[in-house]
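Fold and geometry: a report
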Amino acid sequence: MRVVRKTVAVILFVLIGGLLFSAMQEVFVDKSSYPHYRAWKAGEDINVLVLGNSHADNGIRAGDLSLGLTESTGRDIRVFNYAVYGMRMEQMYYFVREIFNNHVPELVILETYAFCPLADGDREILARRAFDVLPFNRNKVEAVNYCVLEERESFYLPFLTYHSRWESLTPYDFMVLYDSSLWPRYGSNGTYTGEIMEDPGDGWFQQAIPVPGELREITPSEKECLEKLLLLLEEKQVTLLFASVPFKSQMGLNSIEQIKINNYLRENYVNGSTVQMLDMNRLWGELDFDYDDLYNAGHVNGSGANKVTACLLEYLGEFLLPADPIGQE
């Protein structure tokens, strides 16, 4: 009997210790993407998931898409923009595999700047942004092992990095744990800045667009993770739309090279039904897109976000989420 009591006491001690450690980790972890994670977990069924980085975060208004698609389809459509700053294709597969435990949408929109090659020096910070808020499990271990080159312990258990935040904690670090008003219903909702990039007079958005045959191959690690993601989406019966938000250049990749990457994706992965492409970098003329629609070389401003969202709404309504005849009656 004494052995049984001792065993139960040890088990309880471990369980309580684990719960306390988990709670402390949530308090201390960086909160930049935490509200989105809580909103995703707590949300109702989500029809459309937007994935990407700051290009998607700035350019795609999930709230406007939700309202527009609900009106055009005659059914309740909820769009959630789960863009994570800097996220690349290498993190995205593991990220999606985790968040699909909460919701499986009918459509994923993947913004293609995620195929900007990942520099080794950026691996750690991008892995933190993508994985720190996720629970410790087998998927997280695999994600860290794949995306982080060395000193992985603090990525498995972020508390090892953030435990020194005692002095910098604010009321927000505690409130965001339970106050659902701080969890954005639609995730990111595009930028509303009116700031306009100065036009250098180089005619960038008036130049000739690469023809479909001009391709830029994605990297081996991007290819590996994309193909894993495509298999997951096929298994879950989720449609994929590659979408490219207009920009000029960022981190060594300009929009002409981005178009060539998009051409490669179209050539090798788009099938016209379950995998489609909307390359808005090919549509500068149709969108009347110019420097007035950017606030810096890499990101749209409020005007650009309006144009991107309107174009995306039209495409989705025509090709992927058409009106429901019953709902329209």
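Now for a look at the structure at hand. (Residues numbered from 1 in each chain as written. Predicted model: local features only at pLDDT ≥ 70, side-chain atom pairs only at ≥ 80, totals over all residues. Heavy atoms only, no water.)

**Structural notes on a negative patch on the surface**
- A cluster of acidic residues, E198, D199, D288 and D292, forms a negative patch at the surface.
- Its location among the elements puts D292 in the loop between α13 (284-287) and β8 (294-296). (Patch = residues over 30% accessible without salt bridge, like charges linked within 9 Å, V, L, I, M, F, W, Y side chains within 5 Å. Areas by Shrake-Rupley, 256 points an atom, 1.4 Å probe, with all protein chains shown as cover. Salt bridge = Lys/Arg side-chain N within 4 Å of Asp/Glu carboxyl O. Lys, Arg positive; Asp, Glu negative; His and termini not counted. Charge placed at Lys NZ, Arg CZ, Asp CG, Glu CD. Helix = DSSP H or I, 4+ residues; strand = E, 2+ residues; numbered from the N terminus.)

**A closer look at the nonpolar core**
- With 58 residues, the main nonpolar core has Y82, F100, L110, F115, L226, F242 and L265 as its most contacted residues.
- Not counting residues up to four positions away in its chain, the partners in contact with L226 are M89, F115, I218, F242, L265 and Y269.
- Core analysis: the next-biggest nonpolar cluster, separate from the first, contains 36 residues, V48, L278, V300 and L316 among them. (Core = buried A, V, L, I, M, F, W, Y, C linked by side-chain atoms within 4.5 Å. Buried < 20%, exposed > 50% of the residue type's maximum accessible area, 1.4 Å probe, protein only. Contact = heavy atoms within 4.5 Å.)

**Details of the pattern of salt bridges**
- Under the criterion given, the structure shown has 13 salt bridges.
- Between D132 and R128 there is a salt bridge, with the nearest N and O atoms lying 3.3 Å from each other.
- Across the pair E142 and R138 runs a salt bridge, and its minimum N-O distance is 3.1 Å. With E142 and R138 both in helix α7 (residues 138-147) and 4 residues apart, the pair spans about one turn of that helix.
- Several salt bridges share partner residues, and in doing so they unite R97, R138 and E142 into one network.

**Some details on the side chain of T309**
- Relative to the elements of secondary structure, T309 occurs in helix α14 (residues 302-320).
- Since its relative accessible area comes to 6%, T309 is described here as buried.
- Here A305 takes part through its backbone oxygen, which lies 2.8 Å from a polar atom of the side chain of T309.
- Beyond its immediate chain neighbours, meaning those up to four positions away, T309 contacts G59, I60, R61, D64 and L65. (Polar contact = N/O pair within 3.5 Å; in protein donor to acceptor, adjacent residues only side chain to side chain.)

**Description of the sheet that holds strand β4 (residues 239-244)**
- Reading across from one edge, β2-β1-β3-β4-β7 is the order of the 5 strands in this open sheet, with parallel pairing throughout. Edge strands, defined here as strands with exactly one partner in the open sheet, are β2 (79-81) and β7 (275-279). When strand polarity is set aside, the average angle formed by the axes of neighbouring strands in this sheet is 20 degrees.
- Looking at chain direction, strand β1 (residues 48-51) and β2 are connected through 3 bridges and run parallel. The partner of V50 across the bridge, within β2, is N81.
- Docked against the sheet, α14 engages β3 (107-111), β4 and β7, running at close to 150 degrees with respect to β7. (Pairing = 2+ DSSP bridges. Axes fitted to C-alpha atoms, helices over the stretch in contact; angles between N-to-C directions.)

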